[in-house]
Amino acid sequence: MNGFEKRAEEKKQQILAAAFSLMNSPKGMENLTTDKVAKLAHVSKATLFKYFTNKENLIVEVFIDFIEKMREPAFSLMEKGLSFKEVFSAMTQIKVDSLGKVEPQFYNDLMKIYTQKDDPKLAKIMEKYTQESFSLMLQIFNQGKKEGAVDEKYTDEFLLLFFQTLINGMGQPDIYQQLPPYTQAFSDIILRGLAPEK
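Residues numbered from 1 in each chain as written. Predicted model: local features only at pLDDT ≥ 70, side-chain atom pairs only at ≥ 80, totals over all residues. Heavy atoms only, no water.

Draft legend 1. Seen up close, the packing of aromatic side chains. Overall, the coordinates contain 12 aromatic pairs when judged by the stated rule. When the ring of Phe106 is compared with that of Tyr107, the centres are 6.4 Å apart and the planes differ by 85 degrees; the resulting orientation is edge-to-face. Among the residues examined, Tyr107 registers a relative accessible area of 13% and is labelled buried. Here a set of aromatic residues connected by ring pairs shows up, and it is made of Phe20, Phe63, Phe66, Phe106 and Tyr107. (Phe/Tyr/Trp six-rings, centres within 6.5 Å; stacked < 30°, edge-to-face > 60°. Buried < 20%, exposed > 50% of the residue type's maximum accessible area, 1.4 Å probe, protein only.)

This is the structure we're talking about:
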């Protein structure tokens, strides 16, 4: 990336960060206007529209950027050579932390755009993120089986369903707002439940 491309990417990220901060509020997307974004990002509206064709495009790009940033810590964990228990506990913490950084309305808006709008780029990113997440969790659970931390009786299909149920439950605002102080206890109970019978 040359200097010009680097500056352009920095400007784009500056705009995305400003838009995210406006959308990550109790009012969600309703709080976002191009005037507010330009002011908060310290750019002209012409510059904003140079990177994003319209407000709807900017909203979708904010969600895509959020999803991409949410996946990075989880995938980098796998490169550290940690044990299954360490990885699972860290993954739980990452999920709780990421949920704690956003208002419930942000998630509601994300799901609304994903399910009601026919945006192929967002749909593709969401599908990729879901498939990668399931693949990663399967890899982690299989590591747990090899280490004797996950009972062999649990099939891949069950473990993926179990994981999906956990994520869906943790995604509920009334759950994730209460979860942070109990993250370790939550992980401990799950790990004990998956462990082979003595």
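Draft legend 2. A look at the nonpolar core. The biggest cluster of nonpolar side chains holds 36 residues, and the ones touching the most others in it are Ile15, Met23, Val37, Leu58, Phe63 and Leu122. Listed by contribution, the elements that provide at least two residues to this core are α1 (3-23), α2 (34-41), α4 (55-77), α5 (84-100), α6 (104-116) and α7 (120-146). Counting residues per element, this core draws most heavily on α4, which supplies 9 residues. Of all hydrophobic cores here, the second largest spans 19 residues; its members include Ala74, Phe84, Val87 and Tyr154. (Core = buried A, V, L, I, M, F, W, Y, C linked by side-chain atoms within 4.5 Å. Helix = DSSP H or I, 4+ residues; strand = E, 2+ residues; numbered from the N terminus.)

Draft legend 3. View of helix α10 (residues 183-194). Look at α10: 17 Å from first C-alpha to last across 12 residues, which is about the 16 Å you get at 1.5 Å a residue. Within α10 the residues assigned to the buried category are Thr183, Ser187, Ile190, Leu191 and Leu194. Buried residues of α10, seen end-on, are gathered within an arc of 100 degrees and therefore sit on one face of the element. In α10, the exposed positions angled more than 90 degrees off the buried face are occupied by Ile189 and Arg192. (Expected span 1.5 Å × (residues − 1). Arc of directions from axis to C-beta.)

Draft legend 4. Main features of the packing of α5 against α10. Where α5 contacts α10, the axes come no closer than 10 Å and their chain directions differ by 135 degrees. Comparing the axis directions of α5 and α10 gives the class oblique. For the element pair α5 and α10, the recorded crossing hand is right-handed. The segment α5 lies against α10, with Phe84, Lys85, Phe88, Ser89, Thr92, Gln93 and Val96 engaging Thr183, Gln184, Phe186, Ser187, Ile190 and Leu191. Tallied by class, the residues present in the contact of α5 with α10 amount to 6 nonpolar, 6 polar and 1 charged. (Axes fitted to C-alpha atoms, helices over the stretch in contact; angles between N-to-C directions. Parallel < 35°, antiparallel > 145°, perpendicular 65-115°, else oblique. Left-handed = near helix turned anticlockwise from the far one by under 90°. Contact = heavy atoms within 4.5 Å. Nonpolar A, V, L, I, M, F, W, Y, C, P; charged D, E, K, R; others polar.)

Draft legend 5. The arrangement of the pattern of salt bridges in detail. Throughout the structure, instances matching the rule amount to 5 salt bridges. The residue Glu61 makes a salt bridge to Lys121 at a minimum N-O spacing of 2.8 Å. With Glu61 in helix α4 and Lys121 in helix α7, the pair connects residues that are 60 residues apart, well separated along the chain. Classification of Glu61 by relative accessible area gives buried; the value is 10%. Across the salt bridge formed by Glu197 and Lys153, the nearest N and O atoms sit 3.4 Å from each other. A residue pair is termed long-range when its members are at least 10 positions apart, and Glu197 in the segment after α10 and Lys153 in the loop between α7 and α8 (156-170) qualify at 44 residues. The class for Glu197 is exposed, based on a relative accessible area of 67%. (Salt bridge = Lys/Arg side-chain N within 4 Å of Asp/Glu carboxyl O.)

Draft legend 6. Expanded view of α8. The end-to-end C-alpha distance of α8 is 21 Å, a good match for the 21 Å that 15 residues give at a rise of 1.5 Å each. Taken as a whole, α8 has its buried residues at Leu159, Phe163, Leu166 and Met170. Buried residues in α8, looked at end-on, bunch into an arc of 60 degrees, giving them a common side. Facing away from the buried side of α8 by over 90 degrees, the exposed positions are Glu157, Leu161 and Thr165.

Interpretation in functional terms is not warranted from these geometric data alone.
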